[in-house]
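Read off the chains here:
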Amino acid sequence: VPQAIDNNRHAVLMSLVDAHPLVQVKELANPAQVYLTCMELLSRLAGKGLVHCDFNEFNLLVNDEDEVTIIDFPQMVSVSHANAQELFERDVECIVRFFSKKIGYVPELDPALPYVRPSFQDAVRDIDEALDVDLAAYHPPRPW
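Cut-off values and rules
- Residues numbered from 1 in each chain as written.
- Predicted model: local features only at pLDDT ≥ 70, side-chain atom pairs only at ≥ 80, totals over all residues.
- Heavy atoms only, no water.
- Helix = DSSP H or I, 4+ residues; strand = E, 2+ residues; numbered from the N terminus.
- Buried < 20%, exposed > 50% of the residue type's maximum accessible area, 1.4 Å probe, protein only.
- Expected span 1.5 Å × (residues − 1).
- pLDDT = per-residue confidence, 0-100.
- Contact = heavy atoms within 4.5 Å.
- Core = buried A, V, L, I, M, F, W, Y, C linked by side-chain atoms within 4.5 Å.
- Phe/Tyr/Trp six-rings, centres within 6.5 Å; stacked < 30°, edge-to-face > 60°.

Caption draft 1: Spotlight on unusual backbone geometry. Unlike most non-glycine residues, Cys-53 shows phi in positive territory, near 75°. Structurally, Cys-53 is set in the loop between β4 (50-51) and β5 (60-62). In this structure Cys-53 comes out as buried when scored by relative accessible area, which is 9%. A positive phi angle, close to 65°, is found at Asp-66, a residue other than glycine. Here Asp-66 shows up in the loop between β5 and β6 (68-70).

Structural data, given as structure tokens:
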């Protein structure tokens, strides 16, 4: 997990993660496991009350052990947002499309997967910690 080192207004300097953006990865040792990890991360975020809203190959880092790190959170919304389910499903489809087209792993054709697409309703059914409230965006007062 990257650690915050410093911040200034809207930027946060984080520690270096020894991984590559998923967009730069052409082959994975275990694409099914990485795919399932991505879907589980989306569900876990929703289970904390959050939808990433930009969950794609540019904002996922993968290391040599196929561990996934999520980056770039500023556009996140609460699961109570009017468009939360649509945004969640868009995030899911971005990953399905990337794995199918760029990695050559088609989740729909893998009978070993426990599921292909996580359900938004299932993910938010038992929210165990409402981080969407705890992490509400801070808006500093305007100087005028």
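Caption draft 2: Examining helix α1 (residues 31-47) more closely. Under the 1.5 Å per step criterion, the end-to-end length of α1 is 24 Å for 17 residues, consistent within 8% with the ideal 24 Å. Counting buried positions over the 17 residues of α1 gives 13, a clear majority of the element. One or two residues past the end of α1 sits Gly-49, with phi positive at roughly 95°.

Caption draft 3: Region of the structure containing the confidence of the model for the protein chain. When pLDDT is averaged across the protein chain, the result is 88; 90% of the residues are at 70 or more. Within the model, pLDDT remains below 50 along residues 137-142, and this stretch shows zero contacts once partners closer than five positions in the same chain are excluded.

Caption draft 4: Examining the environment of Arg-97 more closely. Along the polypeptide, Arg-97 turns up in helix α2 (residues 84-103). For Arg-97, a relative accessible area of 42% corresponds to the partly exposed category. Measuring from C-alpha to C-alpha, the distance between Arg-97 and Pro-107 comes to 9.5 Å, with ten residues separating the pair along the chain.

Caption draft 5: Molecular detail of the nonpolar core. Of all hydrophobic cores here, the largest spans 35 residues; its most connected members are Val-51 and Phe-99. Elements represented by at least two residues in this core include exactly α1, β5, β6, α2 and α3 (120-125). A total of ten residues in this core trace back to one element, the largest contributor, which is α1. Those residues in contact with Val-51 that sit more than four places away from it in its chain are Met-76, Val-77, Val-79, Ala-84, Leu-87, Phe-88, Asp-91 and Phe-120.

Caption draft 6: Seen up close, the packing of aromatic side chains. Applying the stated rule across the entire model yields five aromatic pairs. Pairing Phe-98 with Phe-99 gives two aromatic rings, centres 5.8 Å apart and planes at 90°, and the pair type is edge-to-face. Per residue, the accessibility class of Phe-98 equals that of Phe-99, and both read buried. Look at Phe-99 and Tyr-105: their rings are 6.4 Å apart centre to centre, the planes differ by 80°, and that puts the pair in the edge-to-face class. By the burial criterion, Phe-99 is buried, and Tyr-105 matches it. Chaining the aromatic ring pairs together yields one cluster made of Tyr-35, Phe-98, Phe-99 and Tyr-105.

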